[in-house]
Amino acid sequence: MPKSKLEAASPFELRVYHGRQVPESDIRTALATGELGFIHSFTTGSTLDGPGVRIVAWLAGCQFRCVYCHNPDTWNMTNGTPITLQRAKEQLRKYRQGLKKMKGGLTISGGEPLMQHKFVIKIFSAAKEMGVHTALDTNGSLGSRLTDEDLEKVDLVLLDIKAWDNDRHQRLVGAPIAPVLEFARRLAALKRPVWVRFVLVPGVSDDPDDVSHIAEFSAGLGNIQRVDVLPFHQMGQFKWKQLGMEYTLGNVEPPSAEQVERVCQTFRASGLKAY
Ligand code: SF4
């Protein structure tokens, strides 16, 4: 597959200030129209971000401040490279046949993609016209920005549920859990397919009661196809240092295989598929 300036070997490449030259007024227009997006990077060949083999576009901009974030360079939208909707569609068109053959599709992740919801839905609409499967990887808190019609352009939602207890959620991400759960309930009412994603950070997000509540809630929705338990890792730590930000999890070890399995079992005990 051809390389472009936007293509990254991994989303863990540090990228900053690529959109710094874009005037504030142009950013506002871009957000209002969806004709311009700010992308951290894209990767090809992912098998982790939805079914089949996929292209993943990592968008810039996030309103959460997760203590374990491995891509803090995506928080600021102007760290992203500006790309017109037209160019994004052309890029996608190049890959569409391969994606279909590999039973994959396009995943839009971030950052938080719904910071640029108009751009996202316009690309997804184009993808659907090309017959390409679409997946939205989101923290869920801005789900109310999408209309029911918008959601028809999204074949699959990868929904992060980061904690159950609101105080814990606030400490972990700096925002309340309620809008995330509200979006989850709405997706269930609309019968949209969802994969729940849960980041397991030992001593931080692994409270058994909390995990049980997330499992029971998810199982009760009726539209959760699977749960991905994502083990915390330290691959983004260097970014915090380079951005001059305090990183508080420097001494936290990634979970063991047994710890991951224990959490998977909690989800399975509620009747969910968990990996
Ligand atoms: S929601 Fe994702 S991108 Fe945003 S701070 Fe959390 S981990 Fe980072």
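Here's what I pulled together on the structure shown here. All values derive from a computational prediction rather than experimental measurement.

## Topic: the nonpolar core
(1) Moving on: By size, the foremost hydrophobic cluster in this structure holds 74 residues, and its most contacted members are Leu-106, Val-229 and Phe-267.
(2) Moving on: Counting residues per element, this core draws most heavily on helix H3 (residues 117-129), at seven residues.
(3) Moving on: Val-22, Ile-27, Phe-38 and Ala-60 belong to the second-largest nonpolar core, a separate cluster that totals six residues.

## Considering the sheet that holds strand S8 (residues 224-231)
(1) Moving on: Pairing within the open sheet is mixed, and its eight strands lie in the order S3-S1-S2-S4-S5-S6-S7-S8. Edge positions in the sheet fall to strand S3 (81-84) and S8, since each of these pairs with one other strand and no more. For this sheet the average axis-to-axis angle between neighbouring strands, irrespective of direction, equals 30°.
(2) Moving on: Examined bridge by bridge, strand S6 (residues 156-160) and strand S7 (residues 194-200) share four bridges and lie parallel to one another. Its bridge partner lying in S7, Leu-159 is registered against Val-196.
(3) Moving on: Here helix H6 (residues 178-189) sits on the sheet in contact with strand S5 (133-138), S6 and S7, set at roughly 155° to S6.

## Focus: the site of the ligand
(1) Moving on: All residues adjacent to the ligand are Cys-62, Phe-64, Cys-66, Cys-69, Thr-74, Trp-75, Gly-111, Asn-139 and Lys-162.
(2) Moving on: In the shell around the ligand, the residues fall into five nonpolar, three polar and one charged.

## Here we look at the pattern of salt bridges
(1) Moving on: Inspection of every chain in the model, using the stated rule, returns twelve salt bridges.
(2) Moving on: Among the salt bridges present, the one from Asp-73 reaches Lys-239, with a minimum N-O distance of 2.9 Å. Note that Asp-73 is positioned in the loop between strand S2 (54-59) and S3 and Lys-239 in helix H8 (residues 237-242), a separation of 166 residues in sequence. The same class applies to Asp-73 and to Lys-239, which are both buried.
(3) Moving on: Look at the salt bridges and you will find they share partners, linking Asp-49, Asp-137 and Arg-197 into a network.

## So, the environment of Thr-74
(1) Moving on: Mapping Thr-74 onto the fold places it in the loop between S2 and S3.
(2) Moving on: Apart from residues no more than four positions distant in its own chain, Thr-74 is found in contact with His-40, Leu-59, Ala-60, Gly-61, Cys-62, Gly-110 and Gly-111.
(3) Moving on: Side-chain polar atoms of Thr-74 contact the backbone oxygen of Asn-71, separated by 2.6 Å.

## Focus on unusual backbone geometry
(1) Moving on: Each neighbour pair has its own omega, and for Gly-110 with Gly-111 the value is 20°, a cis peptide bond.
(2) Moving on: Within the secondary structure, Gly-111 is located in the loop between strand S4 (105-109) and H3.
(3) Moving on: Phi angles above zero are rare outside glycine, and Lys-103 is one such case at about 50°.
(4) Moving on: In this fold, Lys-103 is placed in the loop between helix H2 (85-101) and S4.
(5) Moving on: On the basis of relative accessibility, which here comes to 67%, the residue Lys-103 falls in the exposed class.
(6) Moving on: The phi dihedral of Lys-191 is positive, around 60°, even though this residue is not glycine.
(7) Moving on: Mapped onto the fold, Lys-191 is located in the loop between H6 and S7.
(8) Moving on: What makes Lys-191 exposed here is its relative accessible area of 67%.

## Considering the environment of Gly-203
(1) Moving on: For Gly-203, the position within the fold is in the loop between S7 and helix H7 (208-221).
(2) Moving on: Assessed through its relative accessible area of 68%, Gly-203 is described here as exposed.
(3) Moving on: Separated by 50 residues in sequence, Gly-203 and Glu-253 place their C-alpha atoms 9.6 Å apart.

## Section: the packing of aromatic side chains
(1) Moving on: In total, this model carries five aromatic pairs according to the counting rule given.
(2) Moving on: The interplanar angle of 85° and the centroid separation of 5.4 Å between the aromatic rings of Trp-75 and Trp-240 together place this pair among those described as edge-to-face. Here Trp-75 is found in the loop between S2 and S3, whereas its partner Trp-240 is found in helix H8, with 165 residues between them in sequence.
(3) Moving on: Overall, Trp-75 belongs to the buried group, its relative accessible area being 13%.
(4) Moving on: Counting every residue linked through ring pairs, the aromatic cluster contains Trp-75, Trp-240 and Tyr-247.
(5) Moving on: We note Arg-226 situated over the ring of Trp-195; from NZ or CZ to the ring centre the distance is 4.3 Å.

Cut-offs used in this document
- Residues numbered from 1 in each chain as written.
- Predicted model: local features only at pLDDT ≥ 70, side-chain atom pairs only at ≥ 80, totals over all residues.
- Heavy atoms only, no water.
- Core = buried A, V, L, I, M, F, W, Y, C linked by side-chain atoms within 4.5 Å.
- Buried < 20%, exposed > 50% of the residue type's maximum accessible area, 1.4 Å probe, protein only.
- Helix = DSSP H or I, 4+ residues; strand = E, 2+ residues; numbered from the N terminus.
- Pairing = 2+ DSSP bridges.
- Axes fitted to C-alpha atoms, helices over the stretch in contact; angles between N-to-C directions.
- Contact = heavy atoms within 4.5 Å.
- Near = heavy atom within 4 Å.
- Nonpolar A, V, L, I, M, F, W, Y, C, P; charged D, E, K, R; others polar.
- Salt bridge = Lys/Arg side-chain N within 4 Å of Asp/Glu carboxyl O.
- Polar contact = N/O pair within 3.5 Å; in protein donor to acceptor, adjacent residues only side chain to side chain.
- Phe/Tyr/Trp six-rings, centres within 6.5 Å; stacked < 30°, edge-to-face > 60°.
- Lys NZ or Arg CZ within 6 Å of the ring centre and 35° of its normal.

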